[in-house]
Amino acid sequence: KTTNAGGTTTGIANFSHSTNTLKIHPNPSNEFVTIETDLNPAQGLLTISSLNGQEVMTRPFAGTSETFDISALPTGVYVVKLTVDRSEEEGKLIKK
């Protein structure tokens, strides 16, 4: 985080954000989905959210590829976000 001269937090330093860099397949899917990243080694947190911003799944992510069961999610479009250290990647998932 960054602070001003008075010590008040003013933001987060060195946070990079890139969109549509996650590989999500099969997409659309109705049961299992594999998510891949170019971040290496990735040890972070994967969050799947509805389009209105409600988090519907949060899981640890380790390595460059993980498979997740999405069968319990309702049909719809979701935002997948992977946060690793100070980097963030996003992608879109369609649940059939």
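Participant: Please explain the sheet that holds strand E4 (residues 23-25) as it appears in this structure.
Facilitator: Sheet architecture is open: three strands sit in the order E4-E5-E8, paired in antiparallel fashion. At either end of the open sheet lies a strand with only one pairing partner, and these are E4 and strand E8 (65-69). Going from strand to strand, the sheet's axes swing by 20° on average, the running direction of each strand aside. In the sheet, strand E5 (residues 32-36) pairs with E8 via five bridges, with the strands oriented antiparallel. Counterpart to Glu-36 in the pairing with E8 is Ser-65.

Participant: Explain the environment of Leu-73 to me, please; I cannot follow it from the model alone.
Facilitator: Structurally, the position occupied by Leu-73 is in the loop between E8 and strand E9 (76-84). By relative accessible area, Leu-73 is classed as buried at 9%. For the pair Leu-73 and Ser-50, spaced 23 residues apart in sequence, the C-alpha to C-alpha distance is 9.8 Å. Those residues in contact with Leu-73 that lie beyond four places of it in its chain are Ile-48, Val-56, Tyr-78 and Lys-95.

Participant: In this structure, what is going on with the environment of Ser-50? I would like to understand it.
Facilitator: On the secondary structure map, Ser-50 appears in strand E6 (residues 42-50). C-alpha of Ser-50 to C-alpha of Leu-93: the two residues are 43 residues apart in sequence and 9.7 Å apart in space. In this view, Ser-50 contacts Val-77 and Tyr-78; residues no more than four positions away in its chain are not counted.

Participant: Just to check I follow, could you spell out the packing of aromatic side chains for this structure?
Facilitator: Centre distance and the angle of the planes are the two values used to describe a pair of aromatic rings. Counted according to the given criterion, the structure contains one aromatic pair. Taken together, a centroid distance of 6.4 Å and an interplanar angle of 25° make the contact between Phe-61 and Phe-68 stacked. With respect to class, Phe-61 is no different from Phe-68; both count as buried.

Participant: What is the right way to look at the pattern of salt bridges in this model?
Facilitator: Pairs can form between side chains of opposite charge once their charged atoms are near each other. Following the criterion strictly, the structure yields two salt bridges and no others. Ionic pairing is found between Lys-81 and Glu-88, a salt bridge with its closest N-O pair at 3.9 Å. Accessibility expressed as a relative area gives 29% for Lys-81, which makes it partly exposed.

Participant: Help me understand a nonpolar patch on the surface, please; the structure alone is not making it clear to me.
Facilitator: On the surface, Leu-51, Val-77 and Ile-94 cluster together into a nonpolar patch covering about 240 Å² of accessible area. Looking at where Val-77 falls in the secondary structure, it is placed in strand E9.

The rules we used
Residues numbered from 1 in each chain as written. Predicted model: local features only at pLDDT ≥ 70, side-chain atom pairs only at ≥ 80, totals over all residues. Heavy atoms only, no water. Pairing = 2+ DSSP bridges. Helix = DSSP H or I, 4+ residues; strand = E, 2+ residues; numbered from the N terminus. Axes fitted to C-alpha atoms, helices over the stretch in contact; angles between N-to-C directions. Buried < 20%, exposed > 50% of the residue type's maximum accessible area, 1.4 Å probe, protein only. Contact = heavy atoms within 4.5 Å. Phe/Tyr/Trp six-rings, centres within 6.5 Å; stacked < 30°, edge-to-face > 60°. Salt bridge = Lys/Arg side-chain N within 4 Å of Asp/Glu carboxyl O. Patch = residues over 30% accessible without salt bridge, like charges linked within 9 Å, V, L, I, M, F, W, Y side chains within 5 Å. Areas by Shrake-Rupley, 256 points an atom, 1.4 Å probe, with all protein chains shown as cover.

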